[in-house]
Amino acid sequence: MNLNAAILGYGAYVPIYRIRTEEIARVWHGGGAGPNRMKAIASYDEDILTMSYESASQALSMANYPKIQAILVGSESKPYAVKPTGSILSDILGYNSTLGVDLEFACKAGTEAMQLISGMVSAGTIDYGLAIGADTAQGRPADELEFTAGSGAGAIVLGRPNGREVAKIKHSVSYVTDTPDFWRRPHDQYPMHLGRFTGEPAYFTHTTTSVKMLFSETGMKPSDFKYAIFHQPNPRFPVEVGKRLGFTDEQLRPALLNDDIGNTYSANTIIALAKVLDMADTGDMIMLASFGSGAGSDAFVIEVNSRDDDDGYVPFSERLRNYREVDYATYARWRGKILK
Amino acid sequence: MNVIPIAYWRNRKVYTRMIGTKCKDCGAEFFPPVRVCKKCGSRNLEEKEMPKNGSLLAYTKLSEPAQEFKEYAPIYLGLIRLDNGVNVISMIADADEEKLKAGARVQATVRKWTEDGKGGLVYYGYKFRVLQ
């Protein structure tokens, strides 16, 4: 679909705490490591509401606090099964005359929020909206997902292009099928997955299909883009899918984060977009493709404009350099993995 | 659990947005909010959101906190002077004792204060963290 929406502000938040996958492997496998070096973990007093607040505060500050009329929060780790995160957040942020909605589609709920608000803005039904993807991802102890399931939040303030926007969202497509690669039933604490099945039939099929649809609808090709952002469930998949679609290392490398923070699920591609927007220049084109198990992929064409210099803004990559490592026992205590 | 859900709900903007009061007669600001100005005695007050930045004056470490916070021990409590001069006592988020020095710049955020078991409400509120 053609879109006429603009990114007016963006924010990315990753908790300060990390656990090395070597530490997880030491506990469960007697040694070794996961596919990534570390993952970010939320502290005992953090959840998707608090992390959404952090990322939204950055995005709203950059956008100069416009009158938000829709707050959409994508997550699979909501603090309540029934009680919207969007309404709690609206109260904390001071926007009560707004739509407050929670979305879920595994790792792509955040880009769904982006796509829906972009559509509402383009149609003229709202002037400004806030799209958030946030997760404190659950990995069953000793399961391979535990190496990568991380925590983080990304937020985007969207409105119509006004000449001073950070970037324009020009086009988006989605591709979804019923694919049982990963799921979690009500009341279960941890998700189930089908191991290697999550690769070809799920991640690669849906991501390549959505990006090819995007190319077909827009007439664009990989060389038209300066940056390519793919969902990063591990360090390898985004590079491999990018290469299959014809992108180069130079286009793919700037967005890569999994080795340092793991898979932040619904926040994954929005955080990567924030990292890329920090370094992008006017006129740069960005291709972004999310992936959510179950399964589906949203793809976007984004054109960078500019960002007002803000003395207080600290680039995301710089913030990532400040972290503290914790051991498995602390991680298990904080994330509710110890029975009391 | 000692938190009363309705009492928390009535004060939620105080707890999450740090809404205090400002005297419209003498300009004094207060947090938490007051009904009568402690400086000039006026009842002519308005709501005022407090600044989110300040400086740490002192802190203490609680190894045996109240029941609601027991599972989060140790808890760090800071005495903070906001940039408008108002003093606030707050829990410190992501506390690192090496960085908890008098004069350290701090910023408010929203964190989970406590939760009422697995089925009860989650209570959110301000906490301050040391700026890097």
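Q: Outline the overall build of chain A, supporting the account with residue identities and numerical values.
A: The secondary structure content of chain A amounts to 11 helices and 14 strands. Seen through its C-alpha atoms, chain A measures out along the principal axes to roughly 55 × 45 × 40 Å. Looking at chain A as a whole, 60% of its 340 residues qualify as buried. In chain A, the proportion of contacts linking residues at least 24 apart, taken out of those at least 6 apart, comes to 77%. Accessible surface for chain A amounts to roughly 13,000 Å². Of this, 51% is attributable to carbon and sulfur atoms. Distance between charge centroids for chain A: 2 Å, based on 33 positive and 40 negative side chains.

Q: A description of the pairing of strand 8 (residues 122-130) of chain B should follow, citing residues and the corresponding values.
A: All names here are of chain B. Burial analysis of strand 8 places 9 of its 9 residues in the buried class, the great majority of the element. Two strands pair when backbone bridges link them, and strand 7 (residues 105-115) and strand 8 are joined in this way by 9 bridges, in the antiparallel orientation. Counterpart to Val 110 in the pairing with strand 8 is Tyr 126.

Q: Summarise the sheet that holds strand 4 (residues 53-62) of chain B; cite the residues concerned and give the values.
A: Spatially, 6-5-4-7-8 (chain B) is the arrangement adopted by the 5 strands of the open sheet, whose pairing is antiparallel. The outermost strands of the open sheet, each flanked by one partner alone, are strand 6 (87-91) and strand 8 of chain B. Neighbour-to-neighbour, the strand axes of this sheet turn through a mean angle of 30°, independent of strand direction. Pairing analysis gives 5 bridges linking strand 5 (residues 75-82) of chain B to strand 6 of chain B, with the strands arranged antiparallel. Opposite B:Ile80, over in strand 6 of chain B, you have B:Val88 as the bridge partner. Running over the sheet, helix 2 (residues 48-62) of chain A touches strand 7 and strand 8 of chain B and is turned about 155° from strand 7 of chain B.

Q: Let's hear about the pattern of salt bridges: which residues, and what values?
A: For the structure shown, the criterion picks out 29 salt bridges over all chains. Notably, a salt bridge pairs A:Glu46 with B:Arg111, separated by 3.3 Å at the nearest N-O pair. Taken together, the residues A:Glu46 in the loop between strand 3 (38-41) and helix 2 and B:Arg111 in strand 7 connect one chain to another. Relative accessible area serves as the criterion here: at 1%, A:Glu46 is assigned to the buried category.

Q: Give a detailed account of the pairing of strand 1 (residues 2-13) of chain A, specifying residues and quantitative values.
A: All names here are of chain A. Where burial is concerned, most of strand 1 is hidden: 10 out of the 12 residues are buried. Where strand 1 meets strand 8 (residues 167-176), 4 bridges bridge the pair, whose relative direction is antiparallel. Bridge pairing in strand 8 links Ala 6 to Lys 168. Relative to strand 7 (residues 151-159), strand 1 is paired through 7 bridges, and the arrangement is antiparallel. Bridge pairing in strand 7 links Ile 7 to Leu 158.

Q: Which residues make up the interface of chain A and chain B, and what values go with them?
A: Counting from both sides, the interface comprises 24 residues of chain A and, opposite them, 24 residues of chain B. Approximately 2,000 Å² of surface area, both sides summed, lies buried where chain A meets chain B, with 43% of it carried by carbon and sulfur atoms. Linking chain A with chain B are 5 salt bridges, by the criterion used here. In this structure, the connection of chain A to chain B is made through 14 residue pairs in polar contact (both at pLDDT 80 or more). When contributions to the side of chain A that touches chain B are tallied by element, the ones reaching two or more residues are helix 2 and helix 3 (85-93) of chain A. With 4 residues, helix 2 of chain A is the largest single contributor of residues to the side of chain A that touches chain B. For the side of chain A that touches chain B, the per-class residue count stands at 10 nonpolar, 5 polar and 9 charged.

Q: Lay out unusual backbone geometry in plain terms, naming residues and giving numbers.
A: For the bond from B:Phe31 to B:Pro32, the omega torsion is 0°, close enough to zero to count as cis. Take B:Pro32: it is sitting in the loop between strand 2 (29-30) and strand 3 (45-49). The omega torsion of the bond from B:Ala73 to B:Pro74 falls at 0°, within 30 degrees of zero and hence cis. Locating B:Pro74 in the fold gives a position in the loop between strand 4 and strand 5. If you check the backbone angles, A:Asn64 has positive phi at about 65° while not being a glycine. Position of A:Asn64 among the secondary structure elements: in the loop between helix 2 and strand 4 (70-74). Accessibility expressed as a relative area gives 61% for A:Asn64, which makes it exposed. Its identity is not glycine, yet A:Lys83 carries a phi of approximately 155°, on the positive side.

Q: Tell me what's going on with the nonpolar core, and back it up with residues and numbers.
A: Core analysis: the biggest nonpolar cluster contains 44 residues, and A:Ile7, A:Leu273 and A:Ile302 have the highest contact counts within it. Of the residues forming this core, the biggest block, 7 residues, is contributed by helix 9 (residues 268-279) of chain A. There are two domains that each give this core at least three residues, and those are domain 1 (2-166 + 316-334) and domain 2 (167-304) of chain A. A:Ala25, A:Trp334, B:Phe31 and B:Tyr76 belong to the second-largest nonpolar core, a separate cluster that totals 35 residues.

Q: Report on the side chain of A:Asp102, specifying residues and quantitative values.
A: Residues and elements named next belong to chain A. Along the chain, Asp 102 turns up in strand 5 (residues 99-103). Here Lys 78 takes part through its side chain, which lies 2.9 Å from a polar atom of the side chain of Asp 102. Within the structure, the side chain of Asp 102 is placed 2.9 Å from the backbone nitrogen of Gly 86, a separation counted as a polar contact. Ignoring sequence-local partners within four residues, the contact set of Asp 102 consists of Val 73, Lys 78, Lys 83, Pro 84, Thr 85 and Gly 86.

Each value, and the rule that gives it
- Residues numbered from 1 in each chain as written.
- Chains lettered and ligands numbered in written order.
- Predicted model: local features only at pLDDT ≥ 70, side-chain atom pairs only at ≥ 80, totals over all residues.
- Heavy atoms only, no water.
- Helix = DSSP H or I, 4+ residues; strand = E, 2+ residues; numbered from the N terminus.
- Buried < 20%, exposed > 50% of the residue type's maximum accessible area, 1.4 Å probe, protein only.
- Contact = heavy atoms within 4.5 Å.
- Areas by Shrake-Rupley, 256 points an atom, 1.4 Å probe, with all protein chains shown as cover.
- Lys, Arg positive; Asp, Glu negative; His and termini not counted.
- Charge placed at Lys NZ, Arg CZ, Asp CG, Glu CD.
- Pairing = 2+ DSSP bridges.
- Axes fitted to C-alpha atoms, helices over the stretch in contact; angles between N-to-C directions.
- Salt bridge = Lys/Arg side-chain N within 4 Å of Asp/Glu carboxyl O.
- Buried area = accessible area lost by both parts, 1.4 Å probe.
- Polar contact = N/O pair within 3.5 Å; in protein donor to acceptor, adjacent residues only side chain to side chain.
- Nonpolar A, V, L, I, M, F, W, Y, C, P; charged D, E, K, R; others polar.
- Core = buried A, V, L, I, M, F, W, Y, C linked by side-chain atoms within 4.5 Å.
- Domains from an automatic or database assignment.

Purely spatial values, then, with no claim about function.
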